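Understanding the architecture of this molecule
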Amino acid sequence: RRLPPPPSLQALKLGLLRSSHSVVRNLSSAAIPVVPELRPVYTLFCNLSLLPPSSPISTYQSVFTLAQSAARTHGAVLRQFIVDDKGPVLIYNFNLRSTIRPRAGRCCCLFGAELRSALEVWGPSVGVSVGDSYCGFVGGGGRTEYTVMSRSVNLAARLMAVAA
């Protein structure tokens, strides 16, 4: 099955609001070809069960700042920060094309431990997994989003739920 052609660079910039600045910078400079791929990716899910969805935005900003500080240290890319009926969930990836690191698995595990410590007041539960994942843009028309999809991503989400 053939993959659809990649969207225009402008559409990608609009769709990358949830991705890190390094991904946007690399795409803008055309340093990385914009093609979907299957690659080994480490995924980390973190649920903050003690942070009510009705919390003030300043609380969410504090969570985001603490999490991103740890992410920069370990080379993690925040893919999504979701607030829904399950509470706030942060989804990070390691080993994406723009952020390949030696020993990404070690970095992912250390990041998970540091994230748990930094966000301890909000009762974090963390799930980590690795596996070959589809990395690329999905969507069309008015919305395009960079995503990572695979069984290992689902496994990380399930491990996070079990850890709660």
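Once that is clear, we can look at the state of the cysteines. Scanning all chains against the criterion turns up zero disulfides. No disulfide involves C107; its sulfur sits 8.7 Å from the nearest other cysteine sulfur, which is in C108.

As a further point, take the nonpolar core. With 22 residues, the main nonpolar core has Y92 and F111 as its most contacted residues. For this core, the secondary-structure elements that each account for two or more residues are β1 (37–48), α3 (57–74), β3 (87–94) and α4 (104–118). Dropping the residues within four chain positions of it, Y92 is found in contact with Y42, T43, L44, A67, Q68, A71, A76, V77, L78, R79, F111 and L115. In this structure, F45, F137, A156 and M160 belong to the second largest nonpolar core, which totals 13 residues.

One pass over the full model with this rule turns up five aromatic pairs. Ring centres of F64 and F81 lie 6.3 Å apart, and the angle between their planes is 5°; on these two criteria the pair is classed as stacked. Of the two residues, F64 sits in helix α3 while F81 sits in strand β2 (residues 77–84), which places them 17 residues apart along the sequence. A relative accessible area of 30% places F64 in the partly exposed class. Residue F81 is classed as partly exposed on the basis of its relative accessible area, which comes to 26%. Grouped by ring-pair contacts, the aromatic residues Y60, F64 and F81 constitute a single cluster.

Thresholds applied
Note that residues are indexed from 1 along each chain, following the sequence as it is written. Predicted model: local features are reported for residues with pLDDT of at least 70 only, side-chain atom pairs are reported and counted for 80 or more only, and whole-chain, interface and lining totals are derived from all residues. Neither water nor hydrogens contribute to the side-chain values; these are computed over all heavy atoms in the structure. Only a pair of cysteine sulfur atoms within 2.5 Å qualifies as a disulfide here. Buried Ala, Val, Leu, Ile, Met, Phe, Trp, Tyr and Cys residues form a nonpolar core when they are joined through side-chain atoms within 4.5 Å. Think of it in three bands: residues with accessible area under 20% of the maximum for their type are buried, residues over 50% are exposed, and the middle band is partly exposed, with areas taken using a 1.4 Å probe on protein chains only. A run of H or I in DSSP counts as a helix once it spans at least four residues, and a run of E counts as a strand once it spans at least two, with each numbered from the N terminus. We call two residues contacting when some pair of their heavy atoms lies within 4.5 Å. Two aromatic rings, drawn from Phe, Tyr or Trp (for Trp, its six-membered ring), form a pair once their centres lie within 6.5 Å of each other, and the interplanar angle then sorts them: stacked below 30 degrees, edge-to-face above 60, tilted otherwise.

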